[in-house]
Amino acid sequence: MKVLKFGGSSVANSENIKKVLAIVEKTSKTSKIAVVVSAFGKTTNALIEGAHLAATKNEAYKTVLEKLEAHHFNVIKDLISLENQPEILNHAKELFHQLATIYEGCYLLEELTPKTLATISSFGELLSSYIIAKAANISFETGYKDSREIIIASNNYLNATVNFAETNKNITAYFSGNQKKVTLLPGFVAKTSEGKTTTLGRGGSDYTAAIIAAAVNADELQIWTDVSGMFTANPSVVKQAFPIPHISYHEAMELSHFGAKVIYPPTIQPVLKKEISIRIKNTFKPEEEGTLIAKETSNKKPVKGISHIENITLITLEGSGMVGIPGFSKRLFEAISFHNINIILITQASSELSICIGIADEDAQKAKAVIDETFEFEIEKQKVNPVKLEQDLCIIALVGDNMKNHQGLSGQMFSSLGKNNVNIRAIAQGSTEKNISAVINKNDAKKALNTLHEQFFEEKIKQINLFVTGVGNVGERFLAQLEQQKKHLKKHLKLNVRVIGLSNSRKMIFNEKGIDLKNWKALLENGESTSLERFFNKTKQCNLRNSVFVDNTANQAVSEVYENYLRQSIGVVTCNKIACASLLENYKTLKAISRKYNAPFLFETNVGAGLPIIDTLKNLINSGDRVHKIQAVLSGSLNFVFNNFNKNTTFHDVVAQAQKEGYTEPDPKIDLSGVDVARKILILARESGYDLELSDISKNAFLPEESLKTKNNDDFYASLTKNEAHFQQIFKEANDKNCRLKYVAEFIDGKANVGLQHIPAEHPFYNLEGSDNIVLFFTDRYPENPLIIKGAGAGADVTASGIFADIIRTTK
Ligand SMILES: NC(=O)C1=CN([C@@H]2O[C@H](COP(=O)(O)OP(=O)(O)OC[C@H]3O[C@@H](n4cnc5c(N)ncnc54)[C@H](O)[C@@H]3O)[C@@H](O)[C@H]2O)C=CC1
Ligand SMILES: N[C@@H](CC=O)C(=O)O
């Protein structure tokens, strides 16, 4: 025999009840079954609300009653054919008449005793079970048994204790004599030995089903609900959570804490004792496997799920007077239990200097008063401190019977939380190692649960959340590449890279599910107005794991907010050179903060755009090599300009062309003045381990004073035209010596310089084409023949691909 229980959502309306009947009919073809039903969805709450209204002399109870009556009558009319309706409607009317009389009694007496409330609440299940049994009987033979005739319980009316001796006898007697394949029973209700209606408290219908299943030694207890089983984590917080196919009783009880409360542990006790398995199934997706809960499970995965409990307060009792004195904890726990306060988590360090307990927020003030009173003497003598309360916390826990056989799980748990800046306030793990709990700030719950879920259940796909500022030449190409490579990243690198926040200098948009990159321009245009502070605050609020801020601007103010992001453990990837070329102290601080908060700070594109120059240099240094000399052409735009400038062109036009091609900075004077190259050689020197400032780099300028002094691009270009003869003279001097002009950066033994040089034909820089860059590293290991990196060193596409590469590096 099987026992099936259908909860309130499964029987909320006639559509749902039809689904229930189909399941019942199908199951009854292979087994004799008892079907326990809850009240129609939300009915019990409405009945209780009506009772309180009536007892407080509020006539609104009549409206509650009318609505309930209408809903039940509608269900009857939907499910039962016209000729069969009168009998059922009359019975339901009779029950509603009784209910109205009880409500009226409450109204007149202004009184509501637990006994009366239990009687009122019982109407929900009495009505639903009767109506469903009658509807079932139309298609297949169905018996009906009022549970009050077989379940005997105490007169603690709202949470009655079952008399198992009597009850089990009644149930076995009834079912052994009952030949019907299907028997319908109301959940939640029972009778006292004096024959009065009583109720079984929270999770009462589950309890009814478990009591019957245990008494008849059922093959299985099935709990039908509106989710497809017990999930690896609360699916409303962790989108990737999935139903666990097989789980032990113990694991199921540990996991039952989170939002979707599929089982309430106390109610399944009867079946645990008999080792009857429980199957959780979804009424609305009966084809799905659901979760099988049994004594043992074949699934040996160490972590089965992640549970979380919200609204936790930590209470700490601390003081040197506690050390080595037995009885402190006894007094603490006795006082708490005496006042009916439930303790959810306990930790005590071996130093015995403090005991810390986690309780529900709602009990916090009461608990503080109780403990302060209990230890009044010790507090006065300063042996212990007054109790400390920390609120707005929650508990997250890894759950799994098999965790004890695996080393390193807590290490993985805490390091992945730490990497994502989740601060852990307290930890508890019993010696059974079936649950590792951590108390964290409640604002971090979503991030923590998703981090742990990714760590223990989604090894395959890692989510990267980007917050991108700057959508000019480079930024736009970067978004296009991201959209184009999305599928590749998922398939080959197991990375799900999403842009969550996006801004230009005017607007910003955020979407926690990921911004649609096919449509970002229109979305951004309609976004909200932005500022660096607002963008940062919104990013922080999102509080997502594996977050990276991407700076695609050339803006100083943007470069000054990196520290804020790094301090939140949000990585920074930037093509903007200003931060790394700022004061040495600032550069060092950013690197130190990046290390401290475990947040990557990557800027490969600062030198040579997409060329792997900085990464190669880092590898040399990390492997113990030492850089003595760097010779390089580091400006894509200047190389393009001097490769194309001659007596048949004008300097103005080739610079304008370089800008059009996307090689120059937004302000081309930054390139032509040598500032851009100076920044780059400075960054290479710093990455080589040398302490240099930008002001230490000597610069041989070739622009006339007039061009250097211009304040905007128009004036700058006008000055180039005006000084064409000056530029032609520079070209002629080199050309006359059969040399080419190259803007070269050099770093030799701690000193750096940049400037225009005449490069003869035999020099490796002579044939450097287009907008290419070249870098020669002379090191301990490459003393004579340098390590050379050469290739396109400017352009939006190659730069975007360099940013892309940095983002992938953040995941390593
Ligand atoms: N073009 C290239 O070959 C390379 C460029 N880079 C760097 O890439 C960066 C961007 O260059 P481009 O895309 O060519 O410049 P761009 O001028 O086309 O784009 C920069 C964008 O940033 C926006 N912006 C400025 N301030 C902002 C703020 N406070 N908030 C949000 N957005 C802001 C601007 O409105 C503009 O749309 C520069 O730092 C440059 O040095 C680095 C390597 C190579
Ligand atoms: N403007 C730069 C490109 C980015 O670094 C250059 O010309 O090399």
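Look up a bit, the structure's there.
Residues numbered from 1 in each chain as written. Chains lettered and ligands numbered in written order. Predicted model: local features only at pLDDT ≥ 70, side-chain atom pairs only at ≥ 80, totals over all residues. Heavy atoms only, no water.

A. Seen up close, the overall build of the chain. Within the chain, the secondary structure is distributed over 29 helices and 29 strands. For the chain, the proportion of contacts with a sequence separation of at least 24, taken over those separated by at least 6, is 72%. (Helix = DSSP H or I, 4+ residues; strand = E, 2+ residues; numbered from the N terminus. Contact = heavy atoms within 4.5 Å.)

B. Quick peek at the pairing of strand β22 (residues 571-574). Every second residue of β22 is oriented toward a common face, with Gly571 and Val573 on one face and Val572 and Thr574 on the other, all of them buried. In this sheet, β22 lies alongside strand β21 (residues 547-551) in parallel orientation, the contact comprising four bridges. Of the residues in β22, the one forming a bridge with Val548 is Gly571. Looking at chain direction, β22 and strand β23 (residues 601-602) are connected through two bridges and run parallel. The residue bridging Val572 from the neighbouring strand is Phe601, located in β23. Once the chain exits β22 it traverses helix α20 (residues 584-596) before rejoining the sheet at β23, and the crossover so formed is right-handed. (Buried < 20%, exposed > 50% of the residue type's maximum accessible area, 1.4 Å probe, protein only. Pairing = 2+ DSSP bridges. Right-handed = clockwise from strand over helix to strand, strands pointing away.)

C. Region of the structure containing the packing of aromatic side chains. Overall, the coordinates contain 27 aromatic pairs when judged by the stated rule. Seen in terms of ring centroids, Phe510 and Phe535 are 5.1 Å apart; in terms of plane orientation they differ by 45°. Their pairing is tilted. Of this pair, Phe510 sits in strand β19 (residues 507-510) while Phe535 is found in helix α17 (residues 532-542), placing the two residues 25 residues apart along the sequence. Seen in terms of ring centroids, Phe642 and Phe651 are 6.1 Å apart; in terms of plane orientation they differ by 45°. Their pairing is tilted. It is Lys629 that lies over the ring of Phe778; its NZ or CZ is 4.5 Å from the centre. Over the face of the ring belonging to Tyr587 we find Arg686, whose NZ or CZ atom lies 5.1 Å from the ring centre. (Phe/Tyr/Trp six-rings, centres within 6.5 Å; stacked < 30°, edge-to-face > 60°. Lys NZ or Arg CZ within 6 Å of the ring centre and 35° of its normal.)

D. Layout of the site of ligand 2. Every one of the 13 residues lining ligand 2 counts as a neighbour, but Lys577, Gly636, Ser637, Glu665 and Asp671 are closest to it. In this structure, an oxygen atom belonging to ligand 2 sits 2.6 Å away from a side-chain N or O atom of Ser637. Contacts to ligand 2 include Lys680, whose side-chain N or O atom sits 2.9 Å from an oxygen atom. Burial of ligand 2 by the protein amounts to 92% of the accessible area it has alone, namely 250 Å². At the level of elements, α22 (636-644) and α25 (675-687) are the ones that each hand at least two residues to the shell around ligand 2. Here the shell around ligand 2 is built from residues that sort into three nonpolar, five polar and five charged. (Near = heavy atom within 4 Å. Polar contact = N/O pair within 3.5 Å; in protein donor to acceptor, adjacent residues only side chain to side chain. Areas by Shrake-Rupley, 256 points an atom, 1.4 Å probe, with all protein chains shown as cover. Nonpolar A, V, L, I, M, F, W, Y, C, P; charged D, E, K, R; others polar.)

E. Expanded view of the side chain of Asn282. With respect to the helices and strands, Asn282 occurs in strand β9 (residues 277-282). The exposure class assigned to Asn282 is buried, which follows from its relative accessible area of 4%. Within the structure, the side chain of Asn282 is placed 3.0 Å from the side chain of Ser228, a separation counted as a polar contact. Excluding anything up to four places from it in sequence, Asn282 contacts Trp224, Thr225, Asp226, Val227 and Ser228.

F. View of the nonpolar core. Counting residues in hydrophobic clusters, the biggest one holds 76 residues, and the most contacted among them are Phe549, Ile630, Leu634, Phe651, Ile681, Leu684 and Phe702. Element by element, the count of residues in this core is highest for α25, at seven residues. Those residues in contact with Ile681, other than ones at most four positions away along the chain, are Ile630, Leu634, Ile697, Ala745, Glu746, Phe747, Ala752 and Val754. Of all hydrophobic cores here, the second largest spans 67 residues; its members include Phe175, Ile223, Leu398 and Phe456. (Core = buried A, V, L, I, M, F, W, Y, C linked by side-chain atoms within 4.5 Å.)

G. Looking closely at unusual backbone geometry. Of note, the phi angle at Asn311 is positive, near 55°, even though the residue is not glycine. One can find Asn311 in strand β11 (residues 305-318). Look at Asn311 and you get partly exposed, because its relative accessible area is 40%. The backbone phi angle of Asn421 is positive, close to 60°, even though this residue is not glycine. Locating Asn421 in the fold gives a position in the loop between α13 (409-419) and β15 (424-429). When its relative accessible area of 26% is taken as the criterion, Asn421 is described as partly exposed.

H. The arrangement of the sheet that holds strand β24 (residues 627-633) in detail. As summarised here, the arrangement of the six strands in space is β25-β27-β26-β24-β28-β29, forming an open sheet in which the pairing is mixed. Single-partner strands in this sheet number two, and they are β25 (698-700) and β29 (787-792). Across this sheet, the average inter-strand angle for adjacent strands is 15°, counted without regard to direction. Sheet strands in contact with α25 are β24, β25, β26 (740-748), β27 (751-759) and β28 (772-779), and its direction is about 30° off that of β26. (Axes fitted to C-alpha atoms, helices over the stretch in contact; angles between N-to-C directions.)

I. Representation of helix α10 (residues 328-338) in the model. Among all positions in α10, only Phe328, Leu332, Ala335 and Ile336 are buried. Seen along its axis, α10 keeps its buried residues to an arc of 95°; they face one direction. When the buried face of α10 is taken as reference, the exposed residues oriented beyond 90 degrees from it are Lys330 and Phe338. Buried residues in α10 make contact with β11, β12 (343-348), β13 (354-360), α11 (364-374) and α12 (376-380). Asn340 lies just past α10 and shows a positive phi near 60°. (Arc of directions from axis to C-beta.)

J. Structural view of the pattern of salt bridges. Scanning all chains against the criterion turns up 37 salt bridges. With a shortest N-O distance of 3.3 Å, Glu483 and Lys518 are connected by a salt bridge. Residue Glu483 is found in helix α15 (residues 473-493), and its partner Lys518 is found in the loop between β19 and α16 (520-525); the two are separated by 35 residues along the sequence. One salt bridge in this structure joins Asp780 and Arg626, with 3.4 Å as the shortest N-O distance. On the criterion of sequence distance, the pair formed by Asp780 in the loop between β28 and β29 and Arg626 in the loop between α21 (613-622) and β24 is long-range, its members being 154 residues apart. If you follow the salt bridges from partner to partner, you end up with Lys577, Glu665, Asp676 and Lys680 in one network. (Salt bridge = Lys/Arg side-chain N within 4 Å of Asp/Glu carboxyl O.)

K. Examining the sheet that holds strand β4 (residues 182-186) more closely. The eight strands lie next to each other as β3-β4-β2-β1-β7-β9-β10-β8, forming an open sheet whose pairing is mixed. With one partner strand each, in any of the chains shown, β3 (142-144) and β8 (246-248) form the two edges of the open sheet. Each neighbouring strand pair of the sheet contributes to a mean axis angle of 25°, computed without reference to strand direction. Bridge analysis of β3 against β4 gives three bridges, and the strand direction is parallel. Bridge assignment links Tyr144 to a residue of β4, and that residue is Leu184. Here helix α1 (residues 14-28) sits on the sheet and contacts β1 (2-6), β2 (33-37), β4 and β7 (220-225); the angle it forms with β1, its principal contact strand, is near 175°.

L. Expanded view of the site of ligand 1. Around ligand 1 lies a shell of 23 residues, among which Asn473, Val474, Thr553, Glu665 and Gly795 are the nearest. Contact between ligand 1 and Val474: an oxygen atom at 2.8 Å from a main-chain N or O atom of the residue. The contact in question runs from a nitrogen atom of ligand 1 to an N or O atom on the backbone of Gly662, over 3.0 Å. Compared with its free state, where it exposes 830 Å², ligand 1 has 84% of that area covered by protein. Residue classes in the shell around ligand 1 are distributed as seven nonpolar, 14 polar and two charged.

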